[in-house]
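These are the residues of each chain, in order.
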Amino acid sequence: MYGKSETTQYEVMRRVRLPLIILVTYAHSYGAIREGYSLLGNGWDTYEILKILVSHIMAKVAVPAFYIMSGYLFFAHVEKFTKEVYWQKIRRRIHTLLIPYIIWNLLMAAKFNSQWPILGEYLIDIFWTPANMPLWFLRDLMIVSLATPIIYIGVSKLGWWIVAILFPIYINGIWAIQPELNPYSVCFFTLGTILSIKKVDLVETCRRFVIPACILSVILMIAMIVSYRTEVYMVLLLCFRVTSVVALFGMSNQWKHSPICDFGARASYFVYLAHYVLFFRFIDETFLDLFGHSTLSLCTHYMICPLIKVAFLFVIYYFYRFALTKTIDR
């Protein structure tokens, strides 16, 4: 996988970042709460089904996809994984992962705790259990990044057998490592690692299976809505994460390039870091005050308001980059 094929991999990975980060914001958008209703707790309801479909099913593709890309990019252009290469990668991730993790956790802690201590057990606690809840992804990513020598040895010795070992553990929910460390962080990061080391054309491989992956994903989504809040849903979700990732990468090469997607790819990391800190609750309140709480209004609010919030974050990111550029030019 070199030349044009390699360029395609990175283009696709940039291209999918915008839709994936939008799905992440939907995963953390709980919509307006109606009295007397819960997710399928009172029978079938259009608004509740919509929330389940988007936030609790479709959004679940984001985390595995990001872990696959992270594992893939960690070993990109690495012909020999030496100690020097390892520390170079780790030093880079101190700037891109650890420092943003600390800063945005402290911002979240400061927002909700006016008298929070500067030192002591509290800081240790929010480092492991992030105050900015979505940053658990960065925590796990830092852990698996530190463990890449072990993952590299496993891939080198076992080859594709390591996938055959890890994914049954993932599917069956058997996990002996620290409980807070999500099993799919290790599984999907390792999958990305072996794809990169073996120089597998990710996009072309997924494209071959895109039709069955899409069909299976749709069937699984319907079954997951029906079985929501049961053990069956959890089992189906494990399968959906796999089929939806294949469908995502299989279709992504057909998406047209646009300046908005390019800007969205650059801004996606900022959106991820900031979206849980900057709630923009006035958007929700204004919308509901204007349009009420009918089913149509609630469904529209649920689908539109997260996109408006992402647009606000894009504007903040744009002016931040503009100010930073002007400062550097001076």
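All of the points below concern the structure found in this document.

**Quick notes on the pattern of salt bridges**
Going through the model one piece at a time under the given rule, you end up with 9 salt bridges. Across the salt bridge formed by Glu79 and Lys199, the nearest N and O atoms sit 3.9 Å from each other. A residue pair is termed long-range when its members are at least 10 positions apart, and Glu79 in the loop between α4 (62-74) and α5 (83-112) and Lys199 in the loop between α10 (183-197) and α11 (202-208) qualify at 120 residues. Between Glu204 and Arg207 there is a salt bridge whose closest N-O contact spans 2.6 Å. Of the two residues, Glu204 and Arg207 both sit in helix α11, 3 residues apart, roughly one turn of that helix. Assessed through its relative accessible area of 26%, Glu204 is described here as partly exposed. A single network of salt bridges, built from pairs that share partners, joins Arg14, Asp262 and Arg266.

**Thoughts on the packing of α4 against α10**
Where α4 meets α10, the closest approach of the two axes is 7 Å, and the angle between their N-to-C directions is 40°. On the basis of the axis angle, α4 is oblique to α10. Between α4 and α10 the crossing geometry is right-handed. Facing Val63, Pro64, Tyr67, Ile68, Ser70, Gly71, Tyr72 and Phe74 of α4, the residues of α10 in contact are Tyr184, Ser185, Phe188, Phe189, Leu191, Gly192, Thr193, Leu195 and Ser196.

**With respect to the packing of aromatic side chains**
What the rule picks out here adds up to 25 aromatic pairs. On the basis of an interplanar angle of 65° and a centroid distance of 6.3 Å, the ring pair of Phe74 and Phe81 is categorised as edge-to-face. Judged by relative accessible area, which is 0%, Phe74 ranks as buried. With a relative accessible area of 14%, Phe81 lands in the buried category. Seen from their ring centres, Tyr269 and Tyr272 are 6.3 Å apart, and the 15° between their planes marks the pair as stacked. Within this pair, Tyr269 and its partner Tyr272 are both found in helix α14 (residues 259-274), separated by 3 residues, close to a single helical turn. In this arrangement the basic side chain of Lys89 is found over the ring face of Phe74, its NZ or CZ atom lying 5.8 Å from the centre. Across the ring face of Tyr184, the terminal group of Arg241 is positioned such that the distance to the ring centre comes to 4.3 Å.

Conventions used here
Residues numbered from 1 in each chain as written. Predicted model: local features only at pLDDT ≥ 70, side-chain atom pairs only at ≥ 80, totals over all residues. Heavy atoms only, no water. Salt bridge = Lys/Arg side-chain N within 4 Å of Asp/Glu carboxyl O. Helix = DSSP H or I, 4+ residues; strand = E, 2+ residues; numbered from the N terminus. Buried < 20%, exposed > 50% of the residue type's maximum accessible area, 1.4 Å probe, protein only. Axes fitted to C-alpha atoms, helices over the stretch in contact; angles between N-to-C directions. Parallel < 35°, antiparallel > 145°, perpendicular 65-115°, else oblique. Left-handed = near helix turned anticlockwise from the far one by under 90°. Contact = heavy atoms within 4.5 Å. Phe/Tyr/Trp six-rings, centres within 6.5 Å; stacked < 30°, edge-to-face > 60°. Lys NZ or Arg CZ within 6 Å of the ring centre and 35° of its normal.

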